[in-house]
Amino acid sequence: MLKGLSGLLADAKRAPVLLTAYTLIASGLMYFFRVDYATLFFILLLLSLLLIHLGNANRWLKVGLAALVIGVVIPVVGLENGALLNVSIMVAINVALALGLNLQVGFAGLLDLGYVGFFAAGAYLYSIFASPQAARFLPKVFESLPFGLPGDWFWPFLPVAIFVAAGAGFALGLPVLRLRGDYLAIVTLGFGEIIRILSNNLDKPVNITNGPQGITPIAPPVLFGITLDKSIHYYFIAIALMIIVMVVMRRLEVSRIGRAWASIREDEIAAKSMGVPLTKMKLMAFAMGAAFAGAMGMVFAVKQTFINPASFTFNESIAILAMVILGGLGSIPGAIIGATVVTVVRMQVLTDLANSLATYNLPEFLNLAKYQPLIFGLILILMMRYRQEGLLPSRRNPVDIDALTKEV
Amino acid sequence: MAPLLHAQTITKRFGGLVAVSSVDLAVGAGEICAIIGPNGAGKTTFFNMVSGVYTPDSGRLFFDGKDITGMGPEQIAPLGISRTFQNIRLFKALSALENIMVGMHIHLQSGLWSTIFKTPAERREEREAAREAVRLLDYVGLRHFANEAAGNLPYGAQRRLEIARALATKPKLLLLDEPKAGMNPKETDQMMEDIRRLRDDLGITIVLIEHDMKLVMAISDRIAVLDYGTKIAEGTPEEIRRNPRVIEAYLGKEASKEHGAATA
């Protein structure tokens, strides 16, 4: 059956018809079942995105269908099904995070187990200044403002968060450049924990992070005088940033920089001997990957309107790594599908199962939501054992040699 | 004329082992120079010092009139020294074309911002680079493998791709570490031809490490012999063939006596 399907998807004549038909039907069903059985039809709808990616069709048709699903169907359904919209926002955030981690681990081969630290840096940076928190340790400057900075500052803070997170990546990168593999993993793990513990304990002697109680309320972004405080707003912000991250990743992958990263990942000595500057390229990989996380941290903060250290645990770093490995190290479509699957399973499927436990009076130990670490562990082990290259392995994109040489 | 590469009494120790011990070697521009010697004689360590992977413990290295002692590979490669590796070190997951384009890294300009914004200059440079890479693939006869992952190429093709990648850095001096290891006789003849072509067509000076005496004798202008980290002989192929210390190093003392007796 799989073979038949892949044949159909490769068929230039029938694939566009199939894609269009499937997407429209899935969209219609999603709309019809937007409240009951939504999980099942949400998965079927997301499947259409996978088919669009795999199918052999005109590029504009693909973009159009994907835009229909992401830009119309999900928001329309999400207006009535808040839980689904919330999952979609987290999918977008996690896709961007998985891509950023994939840049470090997949492209450049730098195993980072503390990636969530950069995410936390972006989230805290904005939250501290766009909430009453800043007034607690900077009393003079923010005296007149009840909320700290107003939401208009969200936009100028985006580049600041990107810059600060990139700086954190740079700072982490500098001392660990000589380390490789396991040693690098241990140091980055420590980094992630340091960020979390700092945010937990920096409530004294000067109260910067408000410790375990966290920071709230965080000012929602304001654009042209409109306060963006609805989930649907965050959905579009997250999707827009996710698309930017996807485009940047794609451009980096097939560039001089992307090749240099890949060469370092494949063989450091050979890369050096070709004149590839290891230090510079590794720092760049750390900083770029971190920058994506910093931006998404801000989106996460405003979406939650509340952050505390519990959102930035080691488990989160591992979850993002599981997304990358599930999808395929170094693969952009892989990171996207990995992030989507893990997020939907975590937030939607497991929650649904937990709810149905109550309905059918089943014992609590069957609650799969409590087995999350076990599930990630199994994903990692099974993928490593049976499909190391991931669900959608990275492929070098072929160059049309004859066209290239004919041009001149 | 000053030599292109001049190693002055360079030494490298690993703990108690002296891998290379005060070796002097001068290679003139346009020469093909071979370094031979038994396994463990320090040949590859010598290459690693010249290419900057190791720093000599003492002695100095000059290239093209510049003191390169203590420089890392990233600094040495742009000066015009490139190399291949004894146990092929290609970027296996990258295509043959991309491997060559990594070799061109130092000659390309595109940075982070021009890549993110995909500027016209970046596009143009990428296209030009790919074209140049195809020319190099043509040069080593691997055009049909352009989009193939380097790790999937047949062995002989991998060796040739490594040379093409080294050429992409536009070297003045090329260090070839056992270029024919693992090749069949036909491929060996081809490789011999290729190496000559590099010098004659492209004017690249070549230092090679090789165990195949037939190849070494046929293409070298000069041969240096290392044994236990010291240079025990240097000269033309003819001189090396007759040198009793070389025969001793290769065949042992008894054999060299017999050899002496036989030639006497």
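If you're wondering where the values come from, they're calculated on a predicted model, not measured in any experiment.

Rules used in this analysis
- Every chain begins its residue count from 1, and numbering advances along the sequence as written.
- Working convention: letters from A go to chains and numbers from 1 go to ligands, in the order in which they are written.
- Totals for whole chains, interfaces and linings use all residues, but because this is a predicted model, local features are given only for residues with pLDDT of at least 70 and pairs of side-chain atoms are given and counted only at 80 or more.
- Runs of H or I in DSSP of at least four residues are treated as helices and runs of E of at least two as strands, each being numbered from the N terminus.
- We call a residue exposed when 12 or fewer other C-beta atoms sit within 10 Å of its C-beta, buried when the count reaches 20 or more, and partly exposed for counts in between; the C-beta positions come from the backbone.
- With C-beta atoms placed from the backbone, a contact is any residue pair whose C-beta atoms sit within 7 Å.
- Under this scheme, a helix contributes an axis fitted over its contacting stretch, all axes are lines through C-alpha atoms, and angles between N-to-C directions fall in the 0 to 180 degree range.
- Roughly parallel refers to an angle under 35 degrees, roughly antiparallel to one over 145, roughly perpendicular to one between 65 and 115, and oblique to any angle outside these ranges.
- By convention, the crossing between two helices is left-handed when the near helix turns anticlockwise from the far helix through less than a right angle, and right-handed when the turn is clockwise.
- Domains are outlined according to an automatic or database domain assignment.
- Side-chain classes follow a simple rule in which Ala, Val, Leu, Ile, Met, Phe, Trp, Tyr, Cys and Pro form the nonpolar group, Asp, Glu, Lys and Arg form the charged group, and the remainder, Gly included, forms the polar group.
- As used here, a nonpolar core is made of buried Ala, Val, Leu, Ile, Met, Phe, Trp, Tyr and Cys residues. They are joined through C-beta atoms within 7 Å.

**Q** Where do I start with the overall build of chain A in this structure?
**A** In terms of regular secondary structure, chain A is built from 17 helices and 2 strands. Dimensions of chain A, computed from C-alpha atoms along their principal axes, come out at roughly 70 × 60 × 50 Å. Within chain A, the proportion of its 408 residues that are buried is 46%. Contacts in chain A between residues far apart in sequence, at least 24 positions, make up 77% of those at least 6 positions apart.

**Q** In this structure, what is going on with the packing of helix 2 (residues 14–32) of chain A against helix 3 (residues 38–54) of chain A? I would like to understand it.
**A** Relative placement of two packed helices is described by the angle separating their axes and the distance separating the axes. All names here are of chain A. Following both chains from N to C, one finds helix 2 and helix 3 inclined at 160 degrees, their axes separated by 9 Å at the closest point. When the axes of helix 2 and helix 3 are compared, the pair comes out roughly antiparallel. Every pair of crossing elements has a handedness; the one defined by helix 2 and helix 3 is left-handed. Facing Leu19, Tyr22, Thr23, Ala26, Ser27, Leu29 and Met30 of helix 2, the residues of helix 3 in contact are Phe41, Phe42, Leu44, Leu45, Ser48, Leu51 and Ile52.

**Q** For this particular structure, what's the right way to read the domain arrangement of chain B?
**A** Many descriptions give the size of an interface as the accessible area lost when the pieces come together. Residue and element names in this part refer to chain B. Here chain B is described as being made up of domain 1 (1–80 + 171–264) and domain 2 (90–170). Averaged C-alpha coordinates put domain 1 and domain 2 at centres separated by 28 Å. Contacts between the two partners involve 8 residues from domain 1 and, on the opposite side, 8 residues from domain 2. Looking at side-chain class alone, the side of domain 1 that touches domain 2 contains 6 nonpolar, 1 polar and 1 charged residues.

**Q** Is there a simple way to think about the nonpolar core in this case?
**A** Counting 194 residues, the largest nonpolar core has Ala96, Ala165, Ala238 and Met296 of chain A together with Ala133 and Leu137 of chain B as its most contacted members. Not counting chain neighbours up to four residues away, the residues in contact with Ala165 of chain A comprise Phe118, Ala121, Gly122, Ala290, Ala291, Ala293 and Gly294 of chain A. Among the nonpolar cores identified, the runner-up in size contains 6 residues, and Leu19, Leu51, Ile52 and Ala57 of chain A belong to it.

**Q** Would you mind showing me how to read the domain arrangement of chain A here?
**A** Residues and elements named next belong to chain A. Taken as a whole, chain A is organised into domain 1 (1–80) and domain 2 (90–325). Placing the centre of domain 1 and that of domain 2 at their C-alpha centroids yields a distance of 31 Å. Across the boundary between the two partners, domain 1 contributes 4 residues, which contact 4 residues of domain 2. Residues of the side of domain 1 that touches domain 2, tallied by class, amount to 3 nonpolar, 1 polar and no charged.

**Q** Hey, could you run me through the environment of Ile257 of chain A in this one?
**A** Checked against the element boundaries, Ile257 of chain A lands in helix 11 (residues 256–266). Overall, the presence of 25 C-beta atoms within 10 Å leaves Ile257 of chain A in the buried class. Along the sequence, Ile257 of chain A and Leu125 of chain A sit 132 residues apart, while their C-alpha atoms lie 29 Å from each other. When residues no more than four places from it in sequence are discounted, the contact partners of Ile257 of chain A are Leu252 and Met284 of chain A together with Leu112 and Thr115 of chain B.

**Q** Just to check I follow, could you spell out the interface of chain B and chain A for this structure?
**A** With 37 residues of chain B in contact, the opposing surface of chain A contributes 28 residues. With 5 residues, helix 3 (residues 96–103) of chain B is the single largest residue contributor to the side of chain B that touches chain A. For the side of chain B that touches chain A, the per-class residue count stands at 19 nonpolar, 9 polar and 9 charged.

**Q** I would appreciate a short explanation of the packing of helix 14 (residues 314–327) of chain A against helix 15 (residues 332–359) of chain A in the present structure.
**A** Residue and element names in this part refer to chain A. Running from N to C, helix 14 and helix 15 point in directions that differ by 125 degrees, and their axes come no closer than 7 Å. Considering the angle they form, helix 14 stands oblique to helix 15. Handedness of the helix 14/helix 15 crossing: right-handed. Along its contact with helix 14, which presents Ala319, Ala322, Met323, Val324, Leu326 and Gly327, the element helix 15 presents Gly334, Ala335, Ile336, Ile337, Gly338, Ala339, Val341 and Val342. When its residues are assigned to classes, the contact of helix 14 with helix 15 shows 11 nonpolar, 3 polar and no charged.

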